[in-house]
Amino acid sequence: MKQLVLFIVLIFTINVSAQIENDTIDSKYLEDQLYISLTYNLLTSKPSDISQNGFSGGFSMGFVKDIPLNKERNFGIGIGFGYAYNAYIQNLKIREQNSVFNFDIAEDFDVNRLSIHAIDLPFEIRFRNSTPTKYKFWRIYAGVKFSYLFSSKYKYNDSSETLVFKNISSVNKFQYGLTLSAGYEVWNLYIYYGLEPLFKDAFLEAENIKMKDIHIGLKLYIM
């Protein structure tokens, strides 16, 4: 985590220095093409017996192609590509039997974590009050994000057993949801509202597990 913070500070410092040293007015400027986000992950639409324990966090980074649509270049769209890591710490226990995954409620455990790596394809509609010489500005970016979950890992540990599974077939690999970024300068409130369940063909007793996720945190636009 310390290395991540140092990386963010370094990139931010380089970006500010580049802006200060650039004395040429660029009427064809582009904004906010690199991003980093840090989030807290909430589970919604979950069975009543499922609860979150501990901190479920997420991290993402990527590139968004800025495409202004007006002469002032303060309205446009963004199309991007990125990587995301999300962890969910909760009491849903996963077991495997004959290549079939079963779900139960865990009690008195030390570790119960589902980790997911994904490729993100964000699309944004962008409103901002930037100018060719104004590097500090307000923005509201709303859109949708499509994700492909290419890797998953589940780890469980209690006093009597340890379970570790990778690439869980019950994880729904194709996800999409609504996004909103709003803020000033580098710092922005970021919200992702998932519209697709995290699991497919998954049941807790007779109840279909249709839980989705919400990510709330900070999004840093760097260059």
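A. Examining empty space enclosed by the protein more closely. Under the counting rule described, the total for this entry stands at 4 cavities of 30 Å³ or more. Roughly 110 Å³ of internal volume is contained in the largest cavity. As for the largest cavity, its lining consists of 14 residues, and the residues nearest its centre are Asn-86, Tyr-88, Leu-149, Asp-213 and His-215. Along the lines of polarity and charge, the residues of the lining of the largest cavity split into 7 nonpolar, 4 polar and 3 charged. Volume-wise, the second largest cavity comes out at about 60 Å³. Lining the second largest cavity, in full, are Tyr-35, Ser-37, Ser-60, Asp-120, Pro-122, Glu-124, Lys-145, Thr-179, Tyr-190 and Lys-219.

B. Structural view of the pattern of salt bridges. With the rule as written, the count across this model stands at 8 salt bridges. A salt bridge links Glu-161 to Lys-93; the nearest nitrogen and oxygen atoms lie 2.7 Å apart. A residue pair is termed long-range when its members are at least 10 positions apart, and Glu-161 in the loop between β7 (138-158) and β8 (162-166) and Lys-93 in strand β4 (residues 92-97) qualify at 68 residues. Across the salt bridge formed by Asp-120 and Lys-145, the nearest N and O atoms sit 3.5 Å from each other. In this pair, Asp-120 is assigned in strand β6 (residues 109-128) and Lys-145 in strand β7, connecting sequence segments 25 residues apart. For the pair shown, Asp-120 and Lys-145 are each scored as buried. Here the salt bridges share partners, and the residues they tie into one network are Asp-66, Glu-124, Arg-126, Arg-128 and Lys-219.

C. Main features of unusual backbone geometry. Even without being a glycine, Ser-45 presents a positive backbone phi close to 55°. Of note, Glu-185 is a non-glycine position whose phi angle comes to about 60°, a positive value. On the secondary structure map, Glu-185 appears in the loop between β9 (174-184) and β10 (187-194).

D. Inspection of the pairing of β4 at higher detail. Pairing of β4 with strand β5 (residues 100-105), which is carried by 6 bridges, proceeds in the antiparallel orientation. Directly across from Ile-94, in β5, lies its bridge partner Phe-103. Counting the residues between successive antiparallel strands, the hairpin from β4 to β5 contains 2 residues, one of them, Asn-98, with a positive phi of roughly 55°.

E. Fine view of a negative patch on the surface. Where like charges cluster on the molecular surface, the negative patch consists of Asp-49, Asp-104, Glu-107, Asp-108, Glu-205 and Glu-207. Looking at where Glu-107 falls in the secondary structure, it is placed in the loop between β5 and β6.

F. Focus on the nonpolar core. Ranked by size, the top nonpolar core spans 24 residues in total, and within it Leu-92, Ile-94, Phe-103, Ile-168, Phe-199 and Ile-209 carry the most contacts. Of all elements in the fold, only β4, β5, β6, β7 and β8 reach the threshold of two or more residues within this core. If we skip the residues at most four places from it in the chain, Ile-168 touches Ile-94, Phe-101, Leu-114, Ser-152 and Tyr-154. Of all hydrophobic cores here, the second largest spans 5 residues; its members include Tyr-35, Val-64, Tyr-141 and Tyr-221.

G. Looking closely at the packing of aromatic side chains. Applying the stated criterion to the full structure yields 10 aromatic pairs. Aromatic side chains Phe-146 and Tyr-176 sit 6.4 Å apart centroid to centroid with 35° between the ring planes, which places their arrangement in the tilted category. Of this pair, Phe-146 sits in strand β7 while Tyr-176 sits in strand β9, placing them 30 residues apart in sequence. Given a relative accessible area of 43%, Phe-146 falls into the partly exposed group. Consider the rings of Tyr-154 and Phe-165, whose centres lie 6.3 Å apart with planes at 10°: the pair is stacked. Separated by 11 residues along the polypeptide, Tyr-154 in strand β7 and Phe-165 in strand β8 bring together distant segments of the chain.

H. View of a nonpolar patch on the surface. On the surface, Leu-69, Phe-75, Ile-79, Phe-123, Ile-125, Phe-127, Ile-140 and Leu-180 cluster together to form a nonpolar patch covering roughly 680 Å² of accessible area. Looking at the nonpolar patch, the elements with two or more residues in it are β3 (75-89) and β6. The leading source of residues in the nonpolar patch is β6, at 3 residues. The exposure class of Ile-140 is partly exposed, given its relative accessible area of 47%.

What counts and what doesn't
Residues numbered from 1 in each chain as written. Predicted model: local features only at pLDDT ≥ 70, side-chain atom pairs only at ≥ 80, totals over all residues. Heavy atoms only, no water. 1 Å grid on protein atoms, 1.4 Å probe; cavity = no way out; pocket = protein on both sides within 12 Å on 5 of 7 lines; lining within 4 Å. Points joined across faces, edges and corners; volume = space filled by probe spheres on them. Nonpolar A, V, L, I, M, F, W, Y, C, P; charged D, E, K, R; others polar. Salt bridge = Lys/Arg side-chain N within 4 Å of Asp/Glu carboxyl O. Helix = DSSP H or I, 4+ residues; strand = E, 2+ residues; numbered from the N terminus. Buried < 20%, exposed > 50% of the residue type's maximum accessible area, 1.4 Å probe, protein only. Pairing = 2+ DSSP bridges. Patch = residues over 30% accessible without salt bridge, like charges linked within 9 Å, V, L, I, M, F, W, Y side chains within 5 Å. Areas by Shrake-Rupley, 256 points an atom, 1.4 Å probe, with all protein chains shown as cover. Lys, Arg positive; Asp, Glu negative; His and termini not counted. Charge placed at Lys NZ, Arg CZ, Asp CG, Glu CD. Core = buried A, V, L, I, M, F, W, Y, C linked by side-chain atoms within 4.5 Å. Contact = heavy atoms within 4.5 Å. Phe/Tyr/Trp six-rings, centres within 6.5 Å; stacked < 30°, edge-to-face > 60°.

Scope: geometric values only; no functional claims are made or implied.
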